[in-house]
Amino acid sequence: MQVAAGCCALMAMVCAGRAQAQAPAQHKTENVIVVMMDGMRWEDVFRGADQELIKTQGSDALDNAKGRTALAEKRYWRDTAEKRKEALMPFLWSTVVTEGQLFGNRDLGADSHVANPLHFSYPGYSETLTGLVDPRIDSNDNVPNPNVTVFEWLNRKPEFAGKVAAFGAWEVFDGIFNKQRCGFVVNAGYEPLTSIPQTPTLALLNSLKAETVRIWPDESFDPMPFHTATEYLKAEKPRLLFIGLGETDDWAHAGSYAEYLNAAHLGDSYLKELWELVQSMPEYRDKTTLIVLPDHGRGLGAQWTSHGEKIPESRETWMAFLGPDTPALGERKNSSPVTESQVAATIAALLGEDYHGAVPQSGAPIADVLGTK
């Protein structure tokens, strides 16, 4: 009888051990940061600088276009695609791909795309942030979004209230997030940030926004929203933060491939700076997920400067995820297609919330990113 009891106890221990081994890992993400790089092509992310485009000089409106092209070729051209992509976006390839997941390399059978048929900015941002393809969103006019973004949806919950913020180079983010209604800080374009104590850095940023020459009347250079956002992050420690960078799209429309590459490289350096900052702060260290993606793609060859519904390739995008709950599967190969409409629900799920359940018209969260597949 004692032997039987011992056997039962042993079997119970074995079963308990198996159950524990099969139990899902504890959820660790408490914060999410989304960085969007407007109109950044997947071809350049995965192949590096384009052999034909890097020879182009671009607009004569830019001083010394020939010299800009020569400098870009020196900075970013390498003999192989592997070396070119690492020269262009070293943090993405050294850290994000090593520790996270990167979707969108069609050369490897990993499709990422927008679901909306228009392939330009407001529809792309709205799809990404709401999970919905809304036919009413059909222009880039700075009008209030009739849909609630996942940022606003989370901000309505007590545990996120006052812990959500968005910063962007483009003033139309005011409309995309519906600043009039959303209830959290939206700081876009050249607007000064005055809602937090003025540090010397923030005071300088506010002065630069007022005094810098405005090449694009509705959009600042990327350093302004990025550094404004990091000042806010250090002061307020939001749980959900958006940063919208715009120069990749601006320089592409201007026809300067050299400056487009410089903007992409700067954006990558910002990802590194941002990641190192959050890993240095106890509120964020090892409990923050970083998401990086564009709002749309671009055309091929001579059409690389543009995008839209008449350029089918501009539906093609890419997505990167880095965080404690995302398995380190690296550069995805032969993976299921992912769409920008899935990002909103993925953000919420990473924070332990069911946006897709609340908004069933939205795209479902990306299971691979959550480690639930």
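The structure this text deals with has already been given above.
In this text, all values refer to a predicted model and were calculated from it rather than measured experimentally.

What about the environment of E231?
Structurally, E231 is set in helix α11 (residues 223–236). What makes E231 buried here is its relative accessible area of 10%. Taking the C-alpha atoms as reference points, E231 and L202, separated by 29 residues in sequence, lie 6.7 Å from one another. Residues contacting E231, with those up to four places away along its chain left out, are I196, T199, T201, L202 and L205.

Here we look at the environment of L241
Mapped onto the fold, L241 is located in strand β6 (residues 240–245). Given a relative accessible area of 2%, L241 falls into the buried group. A C-alpha to C-alpha distance of 8.6 Å links L241 and F151, two positions 90 residues apart in sequence. Discounting chain neighbours no more than four positions away, the residues touching L241 are V32, I33, V34, F151, A165, F167 and L233.

Brief notes about the pairing of strand β8 (residues 319–322)
The alternating pattern of β8 places M319 and F321 and A320 and L322 on opposite faces, both of which are buried. The pairing of strand β2 (residues 101–103) with β8 spans three bridges and is classified as antiparallel. Paired with F103 across the strands is M319, a residue of β8. In this sheet, β8 lies alongside strand β7 (residues 288–293) in antiparallel orientation, the contact comprising three bridges. Looking at the pairing, I291 lines up with F321 of β8.

With respect to the pairing of strand β4 (residues 164–168)
Burial of β4 is extensive: five of the five residues sit out of reach of the surface. With burial as the criterion, each face of β4 is covered, one bearing V164, A166 and G168 and the other bearing A165 and F167. In the sheet, β4 pairs with β6 via five bridges, with the strands oriented parallel. The residue bridging A165 from the neighbouring strand is L241, located in β6.

So, the sheet that holds β2
The strand order across the open sheet built from eight strands is β5-β4-β6-β1-β7-β8-β2-β9, with neighbouring strands paired in mixed fashion. Because the sheet does not close on itself, it has two edges, and the strands there are β5 (185–188) and β9 (330–331). Bridge analysis of β4 against β5 gives four bridges, and the strand direction is parallel. Within the sheet, the bridge partner assigned to A166 lies in β5 and is V186. Together, β1 (31–37), β6, β7 and β8 form the strand contacts of helix α14 (residues 343–350), whose direction differs from that of β7 by roughly 170°.

Overview of the pattern of salt bridges
Under the defined criterion, the tally for this structure stands at 17 salt bridges. A single salt-bridge network, built from bridges that share partners, covers E82, K85 and E331.

Definitions and limits used
Residues numbered from 1 in each chain as written. Predicted model: local features only at pLDDT ≥ 70, side-chain atom pairs only at ≥ 80, totals over all residues. Heavy atoms only, no water. Helix = DSSP H or I, 4+ residues; strand = E, 2+ residues; numbered from the N terminus. Buried < 20%, exposed > 50% of the residue type's maximum accessible area, 1.4 Å probe, protein only. Contact = heavy atoms within 4.5 Å. Pairing = 2+ DSSP bridges. Axes fitted to C-alpha atoms, helices over the stretch in contact; angles between N-to-C directions. Salt bridge = Lys/Arg side-chain N within 4 Å of Asp/Glu carboxyl O.

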